[in-house]
Amino acid sequence: MSSHPSSSDPGGAASSAFHRLHPQVRRWVWTQGWKELRGIQEAAIVPILEGTQDVILSASTASGKTEAAFLPICSRLAEDAGGSVRAIYVGPLKALINDQFERLDGLCDGLHIPVHRWHGDVSQGHKARLLQSPAGILLITPESLEALFIRQGSALAGLFSGLEHIVIDELHAFIGTERGCQLQSLLHRVELSLRRTVPRVGLSATLGDMSLAAEFLRPGAGAKVRLCNSDSGGGELLLQLRGYRKRAPDARTPEEDEEPTDGPPEDEHDVGAHLFKTLRGTHNLVFANSRANVELYADLLRRRCEDARLPNEFFPHHGNLSKELREEAEAALKAKQRPVSLVCTTTLEMGIDVGSVQSIAQVGVPPSVSSLRQRLGRSGRKGGPSVLRLYLQEAELTSTSPLPDQLRVRLVQSVAMLELLLTNWFEPPASGAFHFSTLVQQLLSLIAQHGGVKAGEAFLALCHEGPFARVSREDFVRFLRGLGQRELLSQSSDGTLLLGSVGERLVNHYSFYAAFASVEEFRLVAGGRTLGTMPFDQPLFVGAYLIFGGRRWRVLAVQGDEKVVELEPAPAGRVPVFEPTGVGRVHDRVREQMRAIYAGEGLPRYLDARALELLAEARATFQRWRLGERSIVASGMEVHVFPWAGDAVVHTLALALQARGLSVQTLGPVLSVAGPQADVEGALRALVAEGPPRAESLTRHVENMALEKHDGFVPEDLLARDYAARYLDVEGAWRVARQVLQ
DNA sequence: GACCTGCTGCGGCTTG
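A brief structural summary. Keep in mind that this is a model prediction, so the values were computed, not measured. (Residues numbered from 1 in each chain as written. Chains lettered and ligands numbered in written order. Predicted model: local features only at pLDDT ≥ 70, side-chain atom pairs only at ≥ 80, totals over all residues. Heavy atoms only, no water.)

Note on pairing: side chains with opposite charge can pair once their charged atoms come close. The full count for this structure, using the stated rule, is 33 salt bridges. One salt bridge connects E696 with R721, and the closest N-O pair in it is separated by 3.8 Å. Of this pair, E696 sits in the loop between α24 (677-690) and α25 (716-727) while R721 is found in helix α25, placing the two residues 25 residues apart along the sequence. Judged by its relative accessible area of 21%, R721 is partly exposed. Here the salt bridges do not stand alone but share partners, grouping R245, E394, E396, D405, R408, R410, R610, E613 and E617 into one network. (Salt bridge = Lys/Arg side-chain N within 4 Å of Asp/Glu carboxyl O. Helix = DSSP H or I, 4+ residues; strand = E, 2+ residues; numbered from the N terminus. Buried < 20%, exposed > 50% of the residue type's maximum accessible area, 1.4 Å probe, protein only.)

In structure tokens form, the structure reads like this:
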């Protein structure tokens with residue numbers, strides 16, 4: 001960014017917008033010693049000052065987005081900030097709200113604009129003071145805003161009567177989620193109670209398709225949202241993908257158990273050795289995908305420090321660690337007084353500012369291109385290059401190695417993701433869900449707010465013009481009937497909806513304010529013996545494989561009500577993969593790119609020697625099986641189908657084949673079906689001939705469709721529709737079915 | 001075998 005050495009005016013000669021800020025606000029900018037406003041700050045002034053438009057401010061982390069929103073907002077409030085809350089800021093994290101509170105307080109202090117924060121850790125005294133004399137800016141979480149509706153329902157309109165601005169921070173973190181849907185509903189309900197709209201400002205990291213973000217910010221009128229984008233542009237990127245070989249796990253089955261070995265296996269030591277050698281002495285983030293791996297690598301690196309008689313530089317950071325430990329680690333990284341690297345899960349992907357780091361390490365397959373991009377954004381900010389090192393382990397092949405291992409799908413998927421990252425593509429946020437679980441919450445909340453509502457009013461408020469616009473009147477009636485049967489609702493003689501006994505209990509517990517569920521632990525049982533518990537927040541199928549307690553198991557049955565999963569030891573030789581080929585849902589585009597890499601000959605320059613070897617093996621397997629020419633191959637008693645499509649298509653095909661009585665297992669990009677090839681091809685041909693079914697009909701074999709918090713109260717058919725909209729792609733699956741038969 | 005986020009009112013205690 002260039003500076004204006006000839007001028008001490010932060011607005012610069014070209015800026016007319018700066019002069020439209022309140023004199024006191026301009027003075028604050030001068031006292032900060034800023035040479036000029038950043039592009040995004042400049043661009044935001046006029047649209048926010050006018051106060052008639054919704055705005056999205058999109059720029060990379062630490063680009064001054066908060067100030068961009070609040071310089072003009074404070075200019076508007078500088079003369080008079082009283083009477084009611086005048087601006088609401090919604091943040092996804094308490095820590096972020098605390099950060100922003102400190103920053104805003106400095107700006108607002110001289111302007112006599114009160115700043116209040118409101119979340120679970122704020123004392124009741126502070127909250128009571130705001131309720132007594134509401135004024136200025138309120139920083140709040142979606143959950144605390146929910147609590148305000150339920151606890152202060154009748155006082156809400158007065159509390160917010162003079163509200164002029166709503167700011168949503170980290171907008172991208174809300175899009176497509178239950179929590180985001182809850183926030184949309186709460187903001188809509190604020191406007192309903194004020195009987196007017198309030199302009200919204202969304203702050204976000206750079207998003208690919210801005211129209212999705214705009215539609216999220218103002219449902220139904222996304223096209224009218226003003227977009228202010230300050231893409232600082234991709235700087236230089238230094239990239240390396242390092243391959244490692246790992247002993248095949250197939251040798252170890254539950255029948256022939258061994259003593260657990262001490263410490264991590266050799267292969268992790270190799271990865272650890274390189275991490276230690278390259279990261280020590282500087283500041284870095286190591287993303288390790290799971291809490292278990294975070295602990296493993298943090299421990300391994302700490303011991304290397306001890307061995308070298310160095311003070312420890314490596315600390316773990318994940319959601320199960322205490323707040324104190326996490327804050328200590330964050331502070332150490334930010335202080336920059338001595339070298340510190342944090343080994344973390346997604347905790348450090350967004351939110352609080354830890355300053356920029358020298359490099360990013362990713363151990364294992366990245367969850368998605370967009371998260372890779374987000375992680376990369378943490379490195380090399382001040383003009384320097386971003387550095388990304390990817391560490392990938394593939395199993396040593398044996399005579400019984402399953403096809404996905406031979407195909408090195410983890411390595412190839414990672415290369416595909418890096419290639420897509422380099423072309424600046426990344427996955428759009430999820431869309432299409434109905435969010436019935438959050439509709440349960442919002443309906444109960446609406447009733448609690450007003451003491452009772454008519455069904456027609458609720459439909460208008462939540463569905464017709466609210467965030468649940470895709471729910472039809474007929475569906476809403478069925479939905480209400482279902483909630484009535486489950487005693488969440490009751491109806492008075494004049495037709496008013498009231499809370500039923502179960503609804504009353506739900507709403508009166510503080511856990512009701514969050515739209516997302518705490519992960520439920522399932523009890524794992526094998527041969528009548530309880531092995532332990534494990535959290536499941538993903539669909540679970542009979543026949544699925546999992547690893548627990550260092551052993552491999554196959555799911556025999558799922559008892560959703562009792563939260564019990566029955567297991568049997570996985571048969572020897574049928575153990576498919578050492579670790580998941582990717583976490584989360586893989587996009588069509590990534591799998592298409594994988595096929596191109598298998599079929600191609602190019603050697604990406606960022607691969608090390610071992611990774612090149614593994615890629616060569618992958619391509620040799622692809623050639624040997626002639627997968628460039630055919631998508632169905634038989635191997636022993638199994639048939640492998642390669643749709644080269646994303647998880648939604650793979651999952652849909654698996655369910656469709658299961659519905660025809662076949663035993664199907666999905667292994668990353670591959671569907672493995674038991675039986676002769678002719679049967680599988682026959683089944684696929686029959687599917688194509690029948691044509692695509694209604695997506696809901698395929699959910700018959702899904703054991704636990706109720707994944708979101710209140711899904712258990714949602715009528716089965718509506719739940720099936722929500723599930724299909726989130727996880728299935730019938731059109732895509734039938735297109736692929738036609739292709740693989742050619 | 002993914003990960004992350006959030007939470008009120010009140011009773012009972014100590015301390016100034």
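Before going further, it helps to examine the environment of A87. Relative to the assigned elements, A87 resides in strand β2 (residues 87-90). The sequence separation of A87 and A596 amounts to 509 residues, and the corresponding C-alpha distance is 50 Å. Dropping the residues within four chain positions of it, A87 is found in contact with I73, L77, G136, I137, L138, L163 and H165. (Contact = heavy atoms within 4.5 Å.)

Mapping T621 onto the fold places it in helix α22 (residues 609-624). Of the residues examined, T621 reaches a relative accessible area of 3% and is grouped as buried. Sequence-distant contacts of T621, that is, excluding residues within four places in its chain, are made with L403, Q406 and L407.

A word on the protein's contact with DNA strand B. Taken together, 37 residues surround DNA strand B, and among them K94, R291, G319, R326 and Y510 come closest. Each atom of DNA strand B within 4 Å of the protein belongs either to a base or to sugar and phosphate, the latter forming 61%. A distance of 2.6 Å separates a phosphate oxygen of DNA strand B from a polar backbone atom of K94. Here a phosphate oxygen of DNA strand B sits 2.9 Å away from a polar atom, N or O, in the side chain of T141. When contributions to the surface near DNA strand B are tallied by element, the ones reaching two or more residues are α5 (124-132), α6 (142-151), α12 (291-307) and β19 (545-548). (Near = heavy atom within 4 Å. Polar contact = N/O pair within 3.5 Å; in protein donor to acceptor, adjacent residues only side chain to side chain.)

Residue E170 is not a glycine yet carries a positive backbone phi of 50°. In this structure, E170 sits in the loop between β5 (165-168) and α8 (171-174). What makes E170 buried here is its relative accessible area of 11%. Here H435, not a glycine, exhibits a phi torsion of approximately 60°, which is positive. When you line up the elements, H435 lands in the loop between α16 (409-422) and α17 (436-450).

Another point: the packing of aromatic side chains. All told, the structure shown has 14 aromatic pairs when counted by the stated rule. Between F70 and Y89 the ring centres are 6.4 Å apart and the planes differ by 45°, which places this aromatic pair in the tilted class. Taken together, the positions of F70 in helix α3 (residues 65-77) and Y89 in strand β2 put the pair 19 residues apart, joining distant regions of the chain. The same class applies to F70 and to Y89, which are both buried. Between F642 and W644, the ring centres sit 5.6 Å apart and the planes meet at 25°, which makes this aromatic pair stacked. Classification of F642 as buried rests on a relative accessible area of 1%. (Phe/Tyr/Trp six-rings, centres within 6.5 Å; stacked < 30°, edge-to-face > 60°.)

Attention now moves to the sheet that holds strand β10 (residues 314-317). Two modes of strand pairing occur in sheets, parallel and antiparallel, and in both the strands are linked by backbone hydrogen bonds. If you trace the six strands from one edge of the open sheet to the other, you get β8-β13-β12-β9-β11-β10, paired in parallel fashion. Across the chains shown, the open sheet's two edge strands, defined by having one partner strand only, are β8 (237-246) and β10. In this sheet, neighbouring strand axes are inclined to one another by 20° on average, regardless of whether the strands run parallel or antiparallel. Pairing analysis gives four bridges linking strand β9 (residues 284-287) to strand β11 (residues 341-344), with the strands arranged parallel. (Pairing = 2+ DSSP bridges. Axes fitted to C-alpha atoms, helices over the stretch in contact; angles between N-to-C directions.)

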